[in-house]
Structures are given as structure tokens and as C-alpha cells.
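Listed below, chain by chain, are the residues.
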Amino acid sequence: MSHIIGIDLGTTNSLCGVFLGDKPRLIPNALGRMLTPSVVGILEDGQVLVGEAARELRVTQPERCASTFKRLMGSDSRVELAGQAFSAPELSSLVLKALKSDAEKFLAEEVTDAVITVPAYFNDNQRKATKVAGELAGLKVRRIINEPTAAALTYGFHDRQAEKKLIVVDLGGGTFDVTLMEVFEGTLEIISTSGESFLGGEDFTNRLVSVILKQQGINFELAELQQPLRVARLRQQCEDAKRQLSNEAEVAVTLPEDDGTLPEKAKMVKINRETFSKAVKPLLDRIAGPIGKALRDGRTDSSEVDDVILVGGATRMLPLVDFVRDYFGTEPEATYNPDEVVCMGAAVQAALIADNRAVDDMVMTDVCPFTLGIDTAKDMGGQVRSGYFVPIIHRNTTIPVSKEHVFSTMVPNQQEVQVDVYQGENRKVENNLKIGELRVTGVPRGPAGQDVFIRFTYDLNGILEVEAYVGSTENKFRTVVTQHAADLTDTELEEAVAKMQGLKYYPREDMANQRLLRFAERMVGEVSPYQREQFEVAIDMFEQAMSTGDRETVEAARSTLEEVLSMLGIDPDTAQEPSDE
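Every chain is numbered on its own, with residues counted from 1 as its sequence reads. In keeping with the predicted nature of the model, local features appear solely for residues at pLDDT of at least 70, side-chain atom pairs appear and are counted solely at 80 or more, and the whole-chain, interface and lining totals rest on all residues. Side-chain measures here rest on the full set of heavy atoms in the structure, leaving out hydrogens and waters.

Enquirer: How do you make sense of the overall build of the chain when you look at a structure like this?
Expert: Where helices and strands are cited, they refer to DSSP runs of H or I of at least four residues and of E of at least two residues respectively, numbered from the N terminus. On a plain count of helices and strands, the chain comes out with 14 helices and 28 strands. Since a compact globule built from 581 residues should have a radius of gyration of about 25 Å, the 26 Å found for the chain is in line with a globular shape. Each principal axis of the C-alpha distribution contributes one length, and for the chain these read about 90 × 55 × 55 Å. Whether two residues are in contact is decided by their heavy atoms, any of which lying within 4.5 Å being enough. Look at the contacts in the chain between residues 6 or more apart in sequence, and 68% of them connect residues 24 or more apart. To measure how exposed things are, a 1.4 Å probe is used in the Shrake-Rupley method; for residues, cover is taken only from the protein chains shown. Entry remark: accessible area of the chain is about 24500 Å², with carbon and sulfur atoms responsible for 45%. The positive count covers Lys and Arg only, the negative count covers Asp and Glu only, and His and the chain ends enter neither. Taken as the charge centre is NZ of Lys, CZ of Arg, CG of Asp or CD of Glu, depending on the residue. The averaged location of the 91 negative side-chain charges in the chain is 4 Å from the averaged location of its 62 positive side-chain charges. We compute the radius of gyration over the C-alpha atoms and compare it with the globule rule, which gives 2.2 Å times the number of residues raised to the power 0.38.

As C-alpha cells, this is what we get:
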């Protein structure tokens, strides 16, 4: 039986792992690194780049690259990329396909099954879209698991005798989750969860970009539309600065020109920790809301939490660490690499599914992160008013769960019932998110008040099934709630798979060369004008050699380029990467 891999499909970076022997192990990508940037690029000749090569391309040709598309999962939004329109599941499938290839190379076997993590606060549409992305990549998705739960599995696996209440603060590149849980005798019991799907490290970077542009009298939103190369380069500078501020009290940010270049005598702006903290305070205030909500739902005071676990690369930021420390009055814990802990937990979950003996003493429970219900009408003083939300499954209910609620027809001889399904916490459906619908027909004629039974079943993957039947007939109507990009018929899925297959990929072995080429192209703007001509000649030779497909020619040109880089004092392996935390 082939191995089930665990995948952390992130907004900024993705990675995969597998349970080997008696512990989880991370799988390196084609460059020997654990993190694969969640960036997709398409070159002029139609070739697709995924990962670091695409991230390098994003700095100089942002119009040919897509990133942060995880935030679009479950929506109708499409991304224009080199003249083609892609949905978020399609772009995500390209990243998943690269991870699948890395795993097959590592394990020396075909990989068909996977566990994929999602933010705890992903709704039903977003979870279904994630599953579709896996299918497009040729994977059978055995389980969709919440990211904080996966992180807790890592800690629980390594400390099974612990008895404590802990909270996981998970701030990734694009999403924020907080999960309260209890660990005892090898059991991980999720108590409550909360979060935001549009809050992450990318927002902290953008805040810094916005502050710097404002100092120059420039509006961030207008600059993104009118000067995309300038904003792309400045964003890279701010990403670097954000990282450096974790170790340095003050850093300098170089201001690019309108075309994204960095002239030799470019203006520089000094940013210190105090400036950064002030800039991101509105984002930290947003983080406080979900934390308080999770604690209230779990009937727990912040002083009752034994451990606070930091998950996600963005939790390395000092303003975030200081905020969490002040909120809970204790030093937050990051025993395991915040970038890797979710993926390791996904590998543990894969081992649980495979009934691996190494985890046979572990038990995990999870919860539904949001309230699910339907749109109903109410009789108020003889007036029928619609648009009211009636919960069927309340948030933080332990899953899997199946619950039924009885409703009644409103008018005599009513023969149809429209069931509109919503997710949210507001009493009015207009303020909640519609995630699906179900039409019930064949209701027998009769007086108002006939019983209509609605059953919601929410599984461990976070996928909702809705059933309805009229009490007098018991004719059942059923749907698996999906909507927007997540709702694909078998034919549409086949067409989407064919579209993905039609794209051209660089062989896995060429990814190191692609990364070096894109890195060198990015560094052209960093060197002295007097050195640029020689540098570009070396780059041209390397690019031409790659097009020949002759390995010896490529290796010779690569060596020449590396020698020129060394002469310029640039080391591709130690240079600051243009990535978010």
C-alpha cells in the first residue's frame, strides 16, 4: 500500500510530509528545501513555473505570476495569468501537483492519497474547493483537517502524557485561526475555534508598504494599479524588512523607481520596531477579536490556558509575540518550527487514517467552526417576515455530527419549500454567507403547518450534507452543499483536469536552474551599472544553454553564471529570499 502524504497548502508557502517508521518526516522539494512558495508563473513560451522560480519571476514580471490565491478559494473569482483565466482551485492544483511530484521522487513510488490542511475558519465552499484542487492534481483527498488541529497533533504526538489546556494561535501568510483545546492521556479534544480568512502575514507586509508610500505622498491602492512594478519591488523590500526587524532594532528600506528598478543612489527610508508596531496595530486589534471569541465559546479565562502555541511563519513578528504575551500573561511557545508544524501534524493524521501502530494510542476530536442553518420566515402579529436565520448546527459542536430540525409550511396547499443554507452568527441571513440551497417538491396539498424535516450532517472533512423530507410522505431530498467554484459536475471536473494536463511543465530536475535564472534576473537591478553588462552576458548564456536541452552545455553556462555571481559577492543560497513570513 502506498503512503498517504500530509500537505500544508499555504497562502505563502506549501510543504508536504509523510509518516515513516515511527515519526513524521518532511519531504524536500526539487531544490532540497522544505518550503515551496505558493506562487505560479507562466513564461512567454507557455511554460509553467511553480515555487521559488515563480517567486523570483514575480518581482520583475508580476503580471505573469499569481500568488495568495488561497484567499480566493470557494469563490467565483478568477485570476488572469498570461492571457488565461484560472480559478483558485486550478492554481492550487499546480502547487499540489509539484508537491506530489516531490513526494514521489522522495518515496520512489506513486502517490495517490493525501491529507490536506485548511484554516479552521474555512467555510464549506472553501473546503470543497480545496478538495477539488487535490482531485485536479491527481490526489484522492482522504481528509481535510484544520491547521491548528494539525499543529496540536504534532505537539500531542511528541507529548502524549501531557494533561493541559492549550491554545493555538495560527497566523499564516493569508489567514488567522485560534483554537482552544485540551490534551489528556493521548486525546486531543478541540473545545472551540475562531478566526479570519482574510488576515495574515501578507497584510502586515502591505501595511508597511502603505505607510512608506503614504510618507512619499502616494496612495497604496492607486499605486498598485498604476505602478505595479514599483509596488512589487517595494513589497519585496518590506518583506525583507519585516523579517529583519525580528533581529534588528532598525532597518533601511530602499525606495524603487516607478519601473521597479533600484538606482545606485536610491532614496532610503529607515523603519524601526516602534514604527512597525504602530503600523500594524489595527491588525493586532483584529486578532484580539477571534481570540476572545474562542475563549468565551470555550468558557475559559485567558489565565486558565496552560500553554500558548505559535503556528505559522508570521508569528515570528515581534509585535505579534508581544501582543500574545501581554494577552495571556505567559511566554508563547514555538518548540517546533512554526512553518513546519502544521505539515508534520497532517502526516500524523495520515498515519491515523492508515492505522499505523505508532499512533494507535492517539485520539482526536474536532469541531464545526461556525454555525450552520437555514433561512426561515416568522409570523409577527399577522405579518409574515422572511430572512431570519435558524441554526441547526451551532459553532464549536463536536464533529462528525448529524442534527435534525422540524419546520412547518407557512400557507395552505404549499407544494414546494426552498431551503437556503447559510453559515454565520447573525439572526438575519442577509448578514450571513449563503453556501447552498435545496428545493423540496411534492408537498401534499393541505393546511399550513405541515412538518418539513431538515437534517444537517457535517463530516470530519468539514463538508456539509443537507437532507429534507416532508413528514407525511418521507420523500427525501438531498444535496452536498457546494457553491461557486467549488461546485463542479463530473464533466466539469474532467474538463478542468484536461486543462491542467494541457499545461506544459518544466521537468522536476530543471527547477534548480529555473530558480537560479529568475534569481539572477532579479539581482540585475541590484548590481552596479558598471558590472551589469558582464552580468547580463552570463545570464543570456545560461538562458540560451537551457533552451538547447543539452545537459553539458547547461552545466557549463551555470558554472559561468555562478562564478560571476561569486565575483559580485552574491550567494544565491544565502541571499534574502523575496518571500513573506
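Now that the structure has been shown, the text picks up again.
Enquirer: In this structure, what is going on with the pairing of strand E17 (residues 307-311)? I would like to understand it.
Expert: Across a regular strand the side chains alternate sides, sitting on one face of the sheet and then on the other. Here E17 lies mainly inside the structure; five of its five residues are buried. The criterion for strand pairing is that DSSP finds at least two bridges linking the strands in question. Bridge count between strand E12 (residues 164-171) and E17: five bridges; the pairing is parallel. By the bridge assignment for E17, Leu166 is matched with Asp307. Each residue gets one of three labels from its accessible area relative to the maximum for its type: buried under 20%, exposed over 50%, partly exposed in between, using a 1.4 Å probe on protein chains only.

Enquirer: What is the right way to read the packing of aromatic side chains from this model?
Expert: Each aromatic ring pair is described using two quantities: the centre-to-centre distance and the angle formed by the ring planes. Ring geometry is summarised as follows: Phe, Tyr and Trp rings, the Trp one being its six-membered ring, pair when their centres sit within 6.5 Å, and such pairs are stacked at plane angles under 30 degrees, edge-to-face over 60 and tilted between the two. Counting across every chain of the model gives six aromatic pairs. Measuring from ring centre to ring centre gives 6.1 Å for Tyr121 and Phe370, while their planes differ by 70 degrees; the resulting arrangement is edge-to-face. Pair noted here: Tyr121 is in the loop between strand E10 (113-118) and helix H3 (124-136) and Phe370 is in the loop between strand E18 (363-367) and strand E19 (372-380), with a separation of 249 residues, a long-range link. Both residues of the pair, Tyr121 and Phe370, belong to the buried class. Measuring from ring centre to ring centre gives 6.0 Å for Phe323 and Tyr327, while their planes differ by 50 degrees; the resulting arrangement is tilted. Of this pair, Phe323 and Tyr327 both sit in helix H9 (residues 318-328), four residues apart, which is roughly one turn of the helix. A residue is classified by how much of its surface remains accessible, and Phe323, at 16% relative accessible area, is buried. Given a relative accessible area of 27%, Tyr327 falls into the partly exposed group. Members of the aromatic cluster, each reached through a chain of ring pairs, are Tyr121, Phe370 and Tyr458. Above the face of the Phe122 ring, Lys70 is positioned so that its terminal group lies 5.9 Å from the ring centre. Its guanidinium or amino end placed over the ring of Phe519, Arg515 lies 5.1 Å from that ring's centre, counting from NZ or CZ. Only when the NZ atom of a Lys or the CZ atom of an Arg is both within 6 Å of the ring centre and within 35 degrees of the ring normal do we say a charge sits over the ring.

Enquirer: I would appreciate a short explanation of the side chain of Thr254 in the present structure.
Expert: With respect to the helices and strands, Thr254 occurs in strand E15 (residues 250-254). Judged by relative accessible area, Thr254 falls into the buried class, the value being 16%. Dropping the residues within four chain positions of it, Thr254 is found in contact with Leu234, Gln237, Leu262, Ala266, Lys267 and Met268.

Enquirer: I'm lost on the packing of helix H12 (residues 511-523) against helix H14 (residues 551-567) in this one. Help?
Expert: How two helices sit against one another is set out by the angle between their axes and by the gap between those axes. Every angle, taken between N-to-C directions, lies between 0 and 180 degrees, and every axis is a line fitted to C-alpha atoms, over only the stretch in contact when it is a helix. At their nearest, the axes of H12 and H14 sit 12 Å apart, and the two run at 35 degrees to each other. Here H12 and H14 pass one another in a crossing that is left-handed. Touching Ala512, Asn513, Leu516, Phe519 and Ala520 of H12 are Val554, Arg558, Leu561, Glu562 and Leu565, all from H14. As a working rule, the residues Ala, Val, Leu, Ile, Met, Phe, Trp, Tyr, Cys and Pro are called nonpolar, Asp, Glu, Lys and Arg charged, and the rest polar, with Gly in that last group. Residues of the contact of H12 with H14, tallied by class, amount to seven nonpolar, one polar and two charged. Crossing handedness follows the turn of the near helix against the far one: under a right angle anticlockwise gives a left-handed crossing, and clockwise gives a right-handed one.

Enquirer: Even after reading the chapter, I still don't get the layout of surface pockets, so can you show me in this structure?
Expert: Regions of empty space are outlined by a rolling probe, equal in size to a water molecule, passed over the atoms. When its volume is computed, the largest pocket comes out at roughly 790 Å³. Lining the largest pocket are 26 residues, and of these Arg58, Ser67, Thr68, Glu224 and Arg235 sit closest to its centre. Counting residues per element, the ones that place at least two in the lining of the largest pocket are helix H1 (52-60), strand E7 (65-67), strand E8 (78-81), helix H5 (201-215), helix H6 (220-226) and helix H7 (228-244). For the lining of the largest pocket, the leading source of residues is H7, giving six residues. Counted by class, the lining of the largest pocket contains 14 nonpolar, four polar and eight charged residues. With a 1 Å grid spanning the protein atoms alone, the term cavity applies to any set of points in which a 1.4 Å probe fits but cannot get out, the term pocket to an open set with protein on both sides within 12 Å along at least five of seven lines, and the term lining residue to any residue with an atom within 4 Å of a point. Grid points are joined across faces, edges and corners, and a volume is the space filled by probe spheres set on the points.

Enquirer: Would you take a moment to explain the pattern of salt bridges for this structure?
Expert: Side chains that differ in charge, positive against negative, can pair when their charged atoms come close. Throughout this description, the term salt bridge denotes a Lys or Arg side-chain nitrogen within 4 Å of a carboxyl oxygen of Asp or Glu. Applying the stated criterion to the full structure yields 26 salt bridges. When the shortest N-O distance is used, the salt bridge between Glu90 and Arg78 registers 3.5 Å. Separated by 12 residues along the polypeptide, Glu90 in helix H2 (residues 88-107) and Arg78 in strand E8 bring together distant segments of the chain. Classification of Glu90 by relative accessible area gives buried; the value is 7%. Among the salt bridges present, the one from Glu404 reaches Arg455, with a minimum N-O distance of 3.4 Å. Taken together, the residues span a long stretch of sequence, with Glu404 in strand E22 (residues 401-408) and Arg455 in strand E25 (residues 451-458) at a distance of 51 residues. Since its relative accessible area comes to 36%, Glu404 is described here as partly exposed. Connected through salt bridges with shared partners, the residues Arg33, Glu52 and Arg515 form a single ionic network.

Enquirer: What is the right way to read a negative patch on the surface from this model?
Expert: In this analysis, a patch consists of residues with relative accessible area above 30% that form no salt bridge, clustered at 9 Å for like charges and at 5 Å for the nonpolar side chains Val, Leu, Ile, Met, Phe, Trp and Tyr. On the surface, Glu44, Asp45, Glu63, Asp540 and Glu543 cluster together into a negatively charged patch. Mapped onto the secondary structure, Glu63 falls in the loop between H1 and E7.

Enquirer: Is there a simple way to explain a nonpolar patch on the surface in this structure?
Expert: Judged by side-chain polarity, Val384, Met410 and Val411 come together as a nonpolar surface patch covering roughly 250 Å² of accessible area. Mapped onto the secondary structure, Val384 falls in strand E20 (residues 383-393).

Enquirer: Any chance you could explain the confidence of the model for the chain here in plain terms?
Expert: Note: predicted coordinates in regions of low pLDDT should not be interpreted at a detailed level. By definition, pLDDT measures how confident the predictor is in each residue, and it falls between 0 and 100. Averaged over every residue, the pLDDT of the chain is 86; residues scoring 70 or more account for 91%. Mean pLDDT values over the elements of the chain span from 56, in strand E28 (residues 504-505), up to 97, in strand E1 (residues 4-8). Contacts of residues 482-487 to residues separated by more than four positions or lying in other chains number 23 contacts, the stretch itself having pLDDT below 50.

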